[in-house]
2 protein chains.
Amino acid sequence: MRNILFVFAFLSLAIHLFAEDGSRLWLRYEPLPENIATHYSGKILYISSVNSETGKIIEKEFKEAFQAMTGKNLHSAKMDRGKNSICFEINKKLPEKYTIQTKPVKNGNYISIESADDKGLLYGMFHLLRLMQTQEDISNLNIRETPSYNRRILNHWDNIDGSIERGYAGASLWDWNDLPGTISPRYTEYARANASIGINGSVLNNVNANPKFISKEYLLKAAEIAKIFRPWGIQVYLSVNFSSPAELGGLPTSDPLDPAVRQWWKDKAKEIYSILPDFGGFLVKANSEGLPGPQDFGRTHADGANMLAEALEPYNGIVMWRAFVYNATSPDRAKQAYEEFMPLDGQFHKNVIIQVKNGPVDFQPREPFTPLFGAMQKTPLMVEFQITQEYLGFSKQLAYLAPLYKECLQSDTYAKGKGSTVAKCTDGSIFPQAITAIAGVANTGNDTNWTGHHFAQSNWYCFGRLAWNPDLTSEQIANEWIKMTFTNEPAFVEPVRQMMLDSREAVVNYMMPLGLAHLFAWEHHYGPQPWLAIPGARPDWMPSYYHKADAEGLGFNRTTTGSNAVSQYFPPLRDRYNSIETCPENLLLWFHHVPWNYRMQDGNTLWDELCYKYQAGVTSTRQFQNIWDKTASYIDKKRFDEVQYKLKVQTRDAIKWKDACLLYFQTFSRQAIPDAVERPVYDLEELK
Amino acid sequence: MRNILFVFAFLSLAIHLFAEDGSRLWLRYEPLPENIATHYSGKILYISSVNSETGKIIEKEFKEAFQAMTGKNLHSAKMDRGKNSICFEINKKLPEKYTIQTKPVKNGNYISIESADDKGLLYGMFHLLRLMQTQEDISNLNIRETPSYNRRILNHWDNIDGSIERGYAGASLWDWNDLPGTISPRYTEYARANASIGINGSVLNNVNANPKFISKEYLLKAAEIAKIFRPWGIQVYLSVNFSSPAELGGLPTSDPLDPAVRQWWKDKAKEIYSILPDFGGFLVKANSEGLPGPQDFGRTHADGANMLAEALEPYNGIVMWRAFVYNATSPDRAKQAYEEFMPLDGQFHKNVIIQVKNGPVDFQPREPFTPLFGAMQKTPLMVEFQITQEYLGFSKQLAYLAPLYKECLQSDTYAKGKGSTVAKCTDGSIFPQAITAIAGVANTGNDTNWTGHHFAQSNWYCFGRLAWNPDLTSEQIANEWIKMTFTNEPAFVEPVRQMMLDSREAVVNYMMPLGLAHLFAWEHHYGPQPWLAIPGARPDWMPSYYHKADAEGLGFNRTTTGSNAVSQYFPPLRDRYNSIETCPENLLLWFHHVPWNYRMQDGNTLWDELCYKYQAGVTSTRQFQNIWDKTASYIDKKRFDEVQYKLKVQTRDAIKWKDACLLYFQTFSRQAIPDAVERPVYDLEELK
């Protein structure tokens, strides 16, 4: 034990010798101010749990964090319950649920963390550490926490060659070549970070899945990762390729109704669980964007999902079947998931859950929620968010996504009357469902700071926090994250929090305001290409499919006079969306083709309003630079410089977005850019 | 005559059919409003001058202009002097001098233009046309005009291969290959434009002169140009290479004291005048930037100039000898012209004039005047301005240069007490001099619009106008030019005039405020490279030679504690420049090495003020875009679009200038950019 502690002490020293590089995330455990540290006695009381792996983690994490923050060594003091001593107890409660309570004793108080299982204690401990890190008053705690979703999962779009689809923070964290023989220390650090925010599952590989991932060779590799994750409460899942029976197993078909195929999957499940006894289950992208699926054999999504579900059922595994489907010829891509899945409602096996992207198109800066939420009432649904910023400026741009996630989760579907939010429709409180889950496409990679942009860490963080409790505010979460990641100094926290809270709307404004979508450049999805037209390419991969700009106006008519996508929503929402008068202006062009001279609520014409929005986006990015530059004295130079550089790029690129979109749309509106809007500095032809 | 008029009518039609392209310059003769045109009777009275070539030009120009503006045909009405009829008279007055007077007759008034020579009548006619074009009241004229400088000369830095050194408007106007056989119609158009603003001389070739230009072959070509120029009152001059006797004549030396060399030049002069009887003279760049000169043979500038002057003297030719000399090893380049030329004052032949750049370094956006002005009292001096924007953003950026020219011409040298302005020191009013002259390095090329940027025409225009009369205000000239070039519409004229008047200071602000100089990129002189350091290159071609940025501060100490360049100025100016307290802030860093925290007059530190100046420059360019965008309805689309595009580029490049300079200087100041200044969007390393 002494040796292990010595190693850690050395590591701690190393962290302080080398500059802040973001690698420690929000788990920095900076020394507390003297006046706060003085309240901690350094006494700790273990009643239980020290014999499990998780128990050891709890002990080590807490001891080291406590020492780092207070400068005091923790010592066990059995039965010596004193002021601010900590007590862990395992009682029979729901798994993961925990309480943190201040309990009185004769000579003061102690803090008791209680849970039904190790995971609950782990989360409770991180909760307490968070309170300490953020310098909250812990003198009288009475906290009861239960997660909203049972499965809180990161989806890694990581490939076998170490690349990451839509990854902007370096290569994959998983060294498939070196596994299972060599174990990266980052596997533990990753698991620890997830545990600290309540994430309890990882889909290790890309939904565009290589069948090899469920070969024995790769299962043995995954098993090593799972072994490390296990005490941190994290289950491993895998994406599977629907053609695996043929491609991996050598069968003549992968038809889900073929008995040999069904047997192959049962055998495969057995093999998986022999190697990964607590394997979580499969994530499946089928019949989507060229991936194989049951429709290739004339079967339904339900046929495919149920076959897999039956194979996993004996081991309590689940199937997460993605609803992200659309074909190139449909008149409105936004309607297709609903059209394909609604007829199947009630046909899925009980251990299947449908994984539905938050919006009906594809992780745009702003979309309405996917109308399947609330509508598909006999099948468990889970929201899939994107944490990686495929459409929000990669890891080059600052966009704090808690407001985006909350906007979806709090959207009222009206499925069972007012208050039927997407969150309530998926967390089991409206529709009883055996499985509740939520997924986020990870933004992690092997960059030192994990996420490329230091502020992209906040999206990993807020996804975890909201997966645990969607009622937390974006502000609360930003507050916690800033304090833990940077500093408790109010002169830093307050302006930076405001910057974060404004950042997603800034991106919307300079990229795609008023409900515009998918004006992105071909394939890479970074810069603007509203003019994009590639002969022979899928129309639904062309921006003009989405913006429908013409001499009359702008936007996609999805009302009853258009594609009628509004009909997929419940009343009164469908009517609200259907009327140009009542449609929320931030989704106006999503649902309506609006004349250039249409008067917005503030009296501006659509064209002028569009210009003002783009300008507002640019102005915001300049404000972010201004805010950030004032923070230099509060934080380390390395992170200050790195963020400063990214904000430069963001402002520059925001100007490009504004110019490209306004100049392009101006070719249709044929109207002047209003005086208060900065003239373009780029030329349309040159941007093209 | 009918045929010729028919041709012109066709051309006029063509001009109207095709869009405005800037080719007509300020000589557009747009129809006057009906209420103004009605005052013109259409009667014209020629008393004299119709028999000369110039007389024919006057008749044709005026008839066509009058017809175009009033819709009325002019008809001769001998002795029928009526309301607003025009009378040309030649009386014995000074050459070029003219009067325009309203004279009464029994049934109204007529306008009489009188001069001692054809040129005066020509200028008087263009003056009258300008009054008509700008819709001035001409009912009671009493105008007496005499040019301030006798020789008002454009210097063309045009090479034999058609390229133009520092030319940004296409290739040379002179088709040396096709001459003398083929004559471009542009030679006449060029001469006409110059005549309209009083320019009476053109140096056809680059000061970095190819000896071939004075070969018989090229003299015959130049003679064709001169023939066209002559009736427009324009003399041809040539730049000569000092080594011509050796390089062209095959002599063993070009030593100016060698009798054979002197004879060679005399013979050459004779040959020149046999071909070009009204040849103006030589422009010479000698012992400067690698060019040969008398110092190569141990002789002085005076020895060299006087040899040439003697050769030209029999034909009334002059020598314009440039004072632009500096060597790589001197501690202060700004002092060298003075140091080399002052000892030679009084030693030059009477038909030599020293051509001195307005500032002591090299056509920077702002420099103090060259201290030779006022100091060299026994030798005629002429100012050389640069019309082409080598250091003011090429023809990409809008910079109206009348304020720059006037700033120099009106600078008080104190040579003979208060009021000894550079203008008065060079126009003969303080120091009697046989020759008075002024030169501008032309910005013309074979671009359709002549000058690349439509607004660069205003610099050609204002140079001519100020060469005629330096007391005209920048505002007056801008007013004339805008009205003639674009429109008389006040809603256009007023904001555009303000934009022009602000434009040069904007360039100073975003390029080199507070007296900074020469932060330009290597060789091309467009973008910023304050960091430039090329191993082995001349130090006086490196920006650090000029800005002297270091940890303490910024700027070149030219005070008595530094290079003592201030001593080249007369008191009290030298004392004013010498003291950091009294030195004008717009030249502060030219004369002083100023601490970063030095308090400027407005209370800002130097560093903050520098930042605000760069920001002000950027903000101005945005305002220019805004102003221009509102003008679309007043002018033709072609010119509107072309200017709009250039203003985009200007704003974008202004931001690059600001970012590059502030980020670079910040590496020395180590201070934050003030809040009110936009954060950089570029990265220093990337800009490098």
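For clarity, every value in this text was computed on a predicted model and none was experimentally measured.

## Quick word on the overall build of chain A
Regarding its fold elements, chain A presents 22 helices and 16 strands. A globule of 688 residues ought to have a C-alpha radius of gyration of about 26 Å, and chain A, at 26 Å, matches this closely. Seen through its principal axes, chain A has C-alpha atoms that stretch 80 × 65 × 50 Å. A total of 688 residues make up chain A; the buried ones form 63% of that total. Once local pairs closer than 6 in sequence are excluded, the contacts in chain A between residues at least 24 apart make up 72%.

## Considering the packing of helix α16 (residues 490-511) of chain A against helix α20 (residues 606-629) of chain A
Residue and element names in this part refer to chain A. Following both chains from N to C, one finds α16 and α20 inclined at 155 degrees, their axes separated by 8 Å at the closest point. Considering their axes alone, α16 and α20 lie roughly antiparallel with respect to each other. Considering how the two elements wind past one another, α16 and α20 form a crossing that is left-handed. Between α16 and α20, the residues in contact are F492, P495, V496, M499, D502, S503, A506, N509, Y510 and M511 and K613, Y614, A616, G617, V618, S620, T621, F624, I627 and W628, respectively. Tallied by class, the residues present in the contact of α16 with α20 amount to 13 nonpolar, 5 polar and 2 charged.

## Side note on the sheet that holds strand β13 (residues 381-386) of chain A
Backbone-to-backbone hydrogen bonds join strands into a sheet, with any given pair of strands oriented parallel or antiparallel. Residues and elements named next belong to chain A. Strand order in the closed barrel made by the 8 strands is β7-β8-β9-β10-β11-β12-β13-β14, with parallel pairing throughout. The mean inter-strand angle of the sheet, taken between neighbouring strand axes irrespective of direction, is 25 degrees. Relative to strand β9 (residues 235-240), strand β8 (residues 201-203) is paired through 3 bridges, and the arrangement is parallel. Paired with S202 across the two strands is V236, which belongs to β9. Along the sheet face, helix α9 (residues 301-312) touches β9, β10 (281-284), β11 (318-322) and β12 (352-357) and points at about 160 degrees away from the line of β11.

## Some remarks on the domain arrangement of chain A
Residues and elements named next belong to chain A. Domain boundaries assigned for chain A yield domain 1 (22-145), domain 2 (151-472) and domain 3 (509-556 + 593-687). A C-alpha centroid distance of 31 Å is found between domain 2 and domain 3. Taken together, the contacts link 26 residues of domain 2 with 27 residues of domain 3. Both sides together, the interface formed by domain 2 and domain 3 hides about 2,300 Å², and carbon and sulfur atoms give 55% of it. Counting across the interface, domain 2 meets domain 3 through 1 salt bridge. The closest approach of N and O atoms between R166 and E523, which form a salt bridge, is 3.8 Å. Of the residues belonging to the side of domain 2 that touches domain 3, the class tally is 10 nonpolar, 10 polar and 6 charged.

## Regarding the state of the cysteines
All names here are of chain A. All told, the structure shown has 0 disulfides over all chains when counted by the stated rule. C611 forms no disulfide, and the closest cysteine sulfur to it belongs to C661, at a distance of 11 Å. For C611, a relative accessible area of 0% translates into the label buried.

## So, the pairing of strand β3 (residues 85-90) of chain A
Residue and element names in this part refer to chain A. Burial analysis of β3 places 5 of its 6 residues in the buried class, the great majority of the element. Here β3 pairs with strand β5 (residues 108-115) via 6 bridges, running parallel. When the bridges of β5 are listed, C87 appears paired with S112.

## Focus on the relation of the copies chain A and chain B
For these two chains of identical sequence, chain A goes onto chain B by a turn of 180 degrees and a shift of 0.1 Å along the axis, with RMSD 0.0 Å. Here the symmetry operator amounts to a two-fold rotation axis. Relative to the rotation axis, the closest C-alpha in chain A is found at A:R652, a distance of 5.2 Å.

## Overview of the interface of chain A and chain B
Taken residue by residue, the interface counts 21 residues in chain A and 21 residues in chain B. Of the roughly 1,900 Å² buried where chain A meets chain B, counting both sides, 47% is carbon and sulfur surface. At the junction of chain A with chain B, the criterion picks out 10 salt bridges. Ionic pairing is found between B:K630 and A:D675, a salt bridge with its closest N-O pair at 3.5 Å. The tally of links between chain A and chain B comes to 17 residue pairs in polar contact (both at pLDDT 80 or more).

## Here's the deal with the sheet that holds strand β12 (residues 352-357) of chain B
Spatially, 8 strands are ordered β7-β8-β9-β10-β11-β12-β13-β14 (chain B) in a closed barrel, and the strand pairing comes out parallel. Going from strand to strand, the sheet's axes swing by 25 degrees on average, the running direction of each strand aside.

## Notes on the environment of A:Y29
All names here are of chain A. Position of Y29 among the secondary structure elements: in the loop between α1 (2-17) and α2 (34-37). Considering only alpha carbons, one finds Y29 and Q133, 104 residues apart in sequence, at a separation of 6.2 Å. Non-local contacts of Y29, meaning those with residues more than four positions away in its chain, are made with E61, A65, A68, M69, F126, L129, Q133 and R192. Separated by 2.6 Å, the side chains of Y29 and E61 make a polar contact.

## Description of helix α15 (residues 474-485) of chain A
Count 3.6 residues to each turn of an α-helix, and residues three or four apart come out pointing the same way. Residues and elements named next belong to chain A. With 12 residues, α15 ought to run about 16 Å at 1.5 Å a step, and its terminal C-alpha atoms sit 16 Å apart, in line with that. With 9 of 12 residues buried, α15 is to be regarded as a mostly interior element. All buried positions along α15 are accounted for by S474, I477, A478, E480, W481, I482, K483, M484 and T485. Those residues of α15 that are buried lie in contact with α4 (118-133), α12 (402-409), α14 (457-468), α16 and α21 (637-669).

## With respect to the pattern of salt bridges
If you walk through the whole model with that rule in mind, you get 80 salt bridges over all chains. The residue A:E310 makes a salt bridge to A:R262 at a minimum N-O spacing of 2.9 Å. With A:E310 in helix α9 and A:R262 in helix α8 (residues 259-275), the pair connects residues that are 48 residues apart, well separated along the chain. Between B:E390 and B:R166 there is a salt bridge, with its nearest N and O atoms 3.0 Å apart. Taken together, the residues span a long stretch of sequence, with B:E390 in the loop between β13 (381-386) and α12 (402-409) and B:R166 in the loop between β7 (151-155) and α5 (186-196) at a distance of 224 residues. Side by side, B:E390 and B:R166 carry an identical accessibility label, which is buried.

## Details of unusual backbone geometry
Most peptide bonds take the trans configuration, and most residues that are not glycine carry a negative phi. A cis amide bond, omega -5 degrees, links A:L179 with the succeeding residue A:P180. With respect to the helices, strands and loops of the structure, A:P180 is situated in the loop between β7 (151-155) and α5 (185-196). At the junction of B:P571 and B:P572, the peptide bond is cis and its omega measures out at 0 degrees in the coordinates. With respect to the secondary-structure elements, B:P572 resides in the loop between β15 (553-554) and α18 (573-578). The phi dihedral of A:R166 falls on the positive side, at around 60 degrees, and the residue is not glycine. On the basis of relative accessibility, which here comes to 17%, the residue A:R166 falls in the buried class. If you check the backbone angles, B:F394 has positive phi at about 55 degrees while not being a glycine. Looking at where B:F394 falls in the secondary structure, it is placed in the loop between β13 and α12. On the accessibility criterion, B:F394 (13% relative accessible area) is buried.

Calculation rules
- Residues numbered from 1 in each chain as written.
- Chains lettered and ligands numbered in written order.
- Predicted model: local features only at pLDDT ≥ 70, side-chain atom pairs only at ≥ 80, totals over all residues.
- Heavy atoms only, no water.
- Helix = DSSP H or I, 4+ residues; strand = E, 2+ residues; numbered from the N terminus.
- Rg over C-alpha atoms; globule rule 2.2 N^0.38 Å.
- Buried < 20%, exposed > 50% of the residue type's maximum accessible area, 1.4 Å probe, protein only.
- Contact = heavy atoms within 4.5 Å.
- Axes fitted to C-alpha atoms, helices over the stretch in contact; angles between N-to-C directions.
- Parallel < 35°, antiparallel > 145°, perpendicular 65-115°, else oblique.
- Left-handed = near helix turned anticlockwise from the far one by under 90°.
- Nonpolar A, V, L, I, M, F, W, Y, C, P; charged D, E, K, R; others polar.
- Pairing = 2+ DSSP bridges.
- Domains from an automatic or database assignment.
- Buried area = accessible area lost by both parts, 1.4 Å probe.
- Salt bridge = Lys/Arg side-chain N within 4 Å of Asp/Glu carboxyl O.
- Disulfide = S-S within 2.5 Å.
- Least-squares fit on C-alpha atoms with pLDDT ≥ 70 in both.
- Polar contact = N/O pair within 3.5 Å; in protein donor to acceptor, adjacent residues only side chain to side chain.
- Expected span 1.5 Å × (residues − 1).

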